[in-house]
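A structural walkthrough
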Amino acid sequence: MKILVACLVVLAVFGIQSRGYKVFNIISQSSNGGNVQETVSIDNEKNVAIVNIHAGSCSSTTIFDYKHGYIASRVLSRRACFILKMNHKDIPALDTLQRYIYEKQALKNMYSNKYIWVKYNPLETLVTDMDWFLFGSPIENLCKHIPLYKGEVVEKQTERTGAGTCAKVGLLGILGISICAGIHI
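What counts, and at which threshold
Residues numbered from 1 in each chain as written. Predicted model: local features only at pLDDT ≥ 70, side-chain atom pairs only at ≥ 80, totals over all residues. Heavy atoms only, no water. UniProt positions renumbered as here; feature names shortened; annotations may be inferred. Helix = DSSP H or I, 4+ residues; strand = E, 2+ residues; numbered from the N terminus. Buried < 20%, exposed > 50% of the residue type's maximum accessible area, 1.4 Å probe, protein only. Contact = heavy atoms within 4.5 Å. Areas by Shrake-Rupley, 256 points an atom, 1.4 Å probe, with all protein chains shown as cover. Pairing = 2+ DSSP bridges. Polar contact = N/O pair within 3.5 Å; in protein donor to acceptor, adjacent residues only side chain to side chain.

The protein chain has the name Gastrokine-2 in an unreviewed UniProt entry, where Propithecus coquereli is given as its organism. Recorded under Subcellular location (unreviewed entry), the UniProt text for the protein chain is reproduced unchanged: "Secreted".

**Regarding the overall build of the protein chain**
Counting its regular elements, the protein chain contains four helices and twelve strands. Evaluated residue by residue, the protein chain yields a buried proportion of 41% over its 185 residues. A separation threshold of at least 6 residues defines the contact pool for the protein chain, and within that pool the share at least 24 residues apart is 54%. Entry remark: accessible area of the protein chain is about 11200 Å², with carbon and sulfur atoms responsible for 56%.

**What to know about the sheet that holds strand β2 (residues 35-43)**
Spatial strand order, β1-β2-β3-β4-β5-β6-β9-β8: eight strands in an open sheet with mixed pairing. The outermost strands of the open sheet, each flanked by one partner alone, are β1 (21-29) and β8 (126-127).

**Re the side chain of Thr61**
Along the chain, the position of Thr61 falls in strand β4 (residues 60-65). Within the local environment of Thr61, its side chain forms a polar contact with the side chain of Asn52, the two groups lying 2.8 Å apart.

**Side note on the pairing of strand β3 (residues 48-54)**
The side chains of a regular strand alternate between both faces of the sheet. With seven bridges connecting them, β2 and β3 associate as antiparallel partners. Among the inter-strand pairings, Ser41 is bridged to a residue of β3, identified as Ile50. Connecting β2 to the next strand, β3, in antiparallel fashion are four residues, including Asn47 with a positive phi near 65 degrees. Across six bridges, the pairing between β3 and β4 is antiparallel. Along β4, the bridge assignment pairs Ile53 with Ser60. Following β3, the chain reverses through five residues before pairing antiparallel with β4; Gly56 in that reversal takes a positive phi of roughly 65 degrees.

Now the structure itself:
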């Protein structure tokens, strides 16, 4: 009887831990014919989703911190971090995001028209004096020793936005985020 109780306790502990943290690995085709690998880690206990896009010079890491209400993206080729206040009408809840990722993984070719355009001005939006407590430790760990820029959502993209000045981050095919420099958005 003691062995049965011990087995149930072990199963319960591992079952609870597996529900709190999930990892999804998605491999898809890029527009130039290569492969793009996305690794999405969802921590329900910390209320955080971390998206790593492995695509050569276009690689990035994006953190959706629902607890603190911020999104931070580190674009590896630019050696910069971009932070954005989370708008819950544009960003799906963590459980909805998890469902979208599961569906994309199962269906292999899910497409969503959810796209957010974010602009920043490199001369005006550099954050030099920041309170890391406000952003939370996941974002602090991502952005602490590199330049941090504050972005703002733009309602729609106009023709004057050049593709060369934008970096694509977020979840490809589910929730795309383009971070664009300059004031011509």
